[in-house]
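Understanding the architecture of this molecule
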Amino acid sequence: MSRKKLGFWTSSSLVAGNMIGSGIFLLPSVLASYGSVSIFGWVISAFGAASLAFVFIEFSKILPGTSGGPYVYSRKGLGDFAGFLVAWGYWISVWCTNAAITIALIGYLGVFFPVLQTDTTLAVATGLGIVWAIVWLNTRGIREAAVFSLVTTILKITPLLAIGLVGMFYVKLENFTLFNISGVSDFQAMTATATLTLFAYMGIECATIPSGDIENPERTIPRSTYFGLGVAAVVYILGTTSLMGIIPAEELQYSQAPFSDAAAVMWGSWAENLVAFGAVVSTLGALNGWILIQGQIPAAISRDKLFPPIFAKENNNGVPALSIILSSVLISILIVMNYSEGLIKAFQFILLLASMTALMAYLFTSVSYVLVVGANEKLEKGFKRKATLASIAFLFSIWAIAGSGVEIVYWGFILLIAGIPLYVWMQLKKSN
């Protein structure tokens, strides 16, 4: 059965929509505890994300139409074991991301239903209900999920740009005087905030993951990746700057819906509800896009016999439904486990864990790219430029991993090595 493929706009919405999700809507509250120094974190992570985007785009040209993104690219240059670790770590980062997005979504639903801010049981039940409703949508087909992503991306950008641009007229310069209130050096604060904000750029690689379902991938993937990254960077930096200028840091760091609070300051309570609705649409769209991705990665590695075959099994709509369902069980467990910490703390912990495990995938992909290109182009003029940009992506990944903090690196490393027995088991099965 032939499947409709994704074009430029649906691919761009997958990139921008997955990036502009929960990160921008709740991150300003997390960053407020650092002070206005966090704006530099946004800029630094944008440059780092651009270098990573280059690596993924160039790899998509080397392996056009091959689904799997970071896993396929790492395996190409570094072999099965590295490819497995990347896929395992990236898969962890995706379901961690979906848990974080769900937590942020509940925070904005609390604007309309205040009981969600006080009743933890109801909040968890609501989050789980939404997750499984979107799981159902994704099992209907990749095209249907991508169209939903396009619609929600268009709806979400309007209120964000409105606050980012109009908010500049409501900025109070005295709110920026608290440059660094984190208690650590400026460099440490910028490192920490760059790592935190990188979470919001996770998604730059999303057009490469369902590459086999994209129309003319050699042309579509580069254009949609750069376009999506550019849109996200403008929205992020404008929005955060306005929020920090409108709401004092001592208030902003405790806000569970910072964009809604800023809209209320500028235009009154009606605007607060409008922006909260936009945030709900935004996080729904991002959750939809990432649930789509969380099925693609295990399916790709399963097809290469490095993951149990059940993950590659497709339903009548050509979707790896069991892969999506099993991954969503893990999302549900993580939501239940972490909600006891409080919304902001739970969001921050899951956010950093997701960033750290994704950074491992970015790091391996950058190294693999240099090896693959070097094997064919090391005598050509373009090799040095490509190797330099890939090296920047590699160094940025290491720097951001260090900025995650000891606890996050510890748990991230434990989760990564926990997958090794599965790799050994799959290798033994292949040899028998």
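Refer to the preceding data block for the structure.
To keep things clear, this report deals only with the structure shown in the data block. (Residues numbered from 1 in each chain as written. Predicted model: local features only at pLDDT ≥ 70, side-chain atom pairs only at ≥ 80, totals over all residues. Heavy atoms only, no water.)

**Structural notes on the packing of helix H3 (residues 38-62) against helix H15 (residues 382-402)**
For clarity, the cut-off: For helices, the fitted axis covers only the stretch in contact; all axes are lines through C-alpha atoms, and the angles between them, taken along N-to-C directions, range from 0 to 180 degrees. Secondary structure elements follow DSSP: runs of H or I of four or more residues count as helices, runs of E of two or more count as strands, with numbering from the N terminus. Orientation categories follow fixed angle ranges, with anything under 35 degrees roughly parallel, anything over 145 roughly antiparallel, 65 to 115 roughly perpendicular, and all other angles oblique. In this scheme the crossing of two helices becomes right-handed for a clockwise turn of the near helix relative to the far one and left-handed for an anticlockwise turn of less than a right angle. Residues are treated as being in contact if the distance between any of their heavy atoms lies within 4.5 Å. Residues were grouped as follows: Ala, Val, Leu, Ile, Met, Phe, Trp, Tyr, Cys and Pro as nonpolar; Asp, Glu, Lys and Arg as charged; and all remaining residues, including Gly, as polar.
Two elements in contact, H3 and H15, have axes whose closest approach is 9 Å; the angle formed by their N-to-C orientations is 130°. The angle between H3 and H15 falls in the class oblique. By crossing handedness, the relation of H3 to H15 is classed as left-handed. Of the residues in H15, those in contact with Ile44, Ser45, Gly48, Ala49, Ser51, Leu52, Phe54, Val55 and Glu58 of H3 are Arg385, Lys386, Leu389, Ala390, Ile392, Ala393, Phe396, Ser397 and Trp399. For the contact of H3 with H15, the per-class residue count stands at 11 nonpolar, four polar and three charged.

**Structural notes on the nonpolar core**
How we decide: Residues grouped as a nonpolar core are buried Ala, Val, Leu, Ile, Met, Phe, Trp, Tyr and Cys residues, joined through side-chain atoms within 4.5 Å. Think of it in three bands: residues with accessible area under 20% of the maximum for their type are buried, residues over 50% are exposed, and the middle band is partly exposed, with areas taken using a 1.4 Å probe on protein chains only.
Of all hydrophobic cores here, the largest spans 126 residues; its most connected members are Phe84, Tyr201 and Tyr236. Per-element accounting of this core gives the leading share, 20 residues, to helix H5 (residues 80-112). Every residue in contact with Phe84, bar those within four places of it in the chain, is listed here: Tyr71, Ile301, Leu306, Phe307, Gly419, Ile420, Leu422 and Tyr423.

**Looking at unusual backbone geometry**
A positive phi angle is found at Lys305, which is not glycine, with a value near 60°. Structurally, Lys305 is set in the loop between helix H12 (269-303) and helix H13 (321-338).

**Topic: the side chain of Asn138**
Quick note on the threshold: Contacts described as polar in this section are N or O atom pairs within 3.5 Å, which, within protein, must combine one atom able to donate a hydrogen with one able to accept it, while residues neighboring in sequence count only if both atoms come from side chains.
With respect to the helices and strands, the residue Asn138 is situated in helix H6 (residues 120-138). Judged by relative accessible area, which is 2%, Asn138 ranks as buried. Among the polar contacts listed, one links the side chain of Asn138 to the side chain of Asn288, at a separation of 3.0 Å.

**Focus: the packing of aromatic side chains**
Applied cut-off: Each aromatic pair joins two rings of Phe, Tyr and Trp (for Trp, the six-membered one) with centres within 6.5 Å, and gets the label stacked for planes under 30 degrees apart, edge-to-face for over 60, and tilted for any other angle.
For the structure on display, the rule yields 22 aromatic pairs. Taken together, Phe81, Phe84, Trp88, Trp91, Trp95, Phe307, Phe311 and Tyr423 form an aromatic cluster joined through their ring pairs.

**With respect to a nonpolar patch on the surface**
Threshold: The residues that make up patches have over 30% relative accessible area and no salt bridge, and they are joined within 9 Å when like-charged or within 5 Å when they are Val, Leu, Ile, Met, Phe, Trp or Tyr. Note that accessible areas follow from Shrake-Rupley with a 1.4 Å probe, and for residues the cover is restricted to the protein chains shown. A carboxyl oxygen of Asp or Glu within 4 Å of a side-chain nitrogen of Lys or Arg is what we treat as a salt bridge.
A contiguous nonpolar surface patch, about 630 Å² in accessible area, is contributed by Trp132, Ile310, Leu322, Ile325, Leu326, Val329, Ile333 and Met337. The greatest single-element share of the nonpolar patch, amounting to six residues, is contributed by H13. One can find Val329 in helix H13. For Val329, a relative accessible area of 35% translates into the label partly exposed.

**Observations concerning the packing of H5 against helix H17 (residues 420-431)**
Where H5 contacts H17, the axes come no closer than 10 Å and their chain directions differ by 135°. With respect to H17, the axis of H5 lies oblique. The hand of the H5/H17 crossing is right-handed. Contacts between H5 and H17 involve Asp80, Phe81, Phe84, Leu85 and Trp88 from the former and Ile420, Leu422, Tyr423, Gln427 and Lys430 from the latter. Residues of the contact of H5 with H17, tallied by class, amount to seven nonpolar, one polar and two charged.

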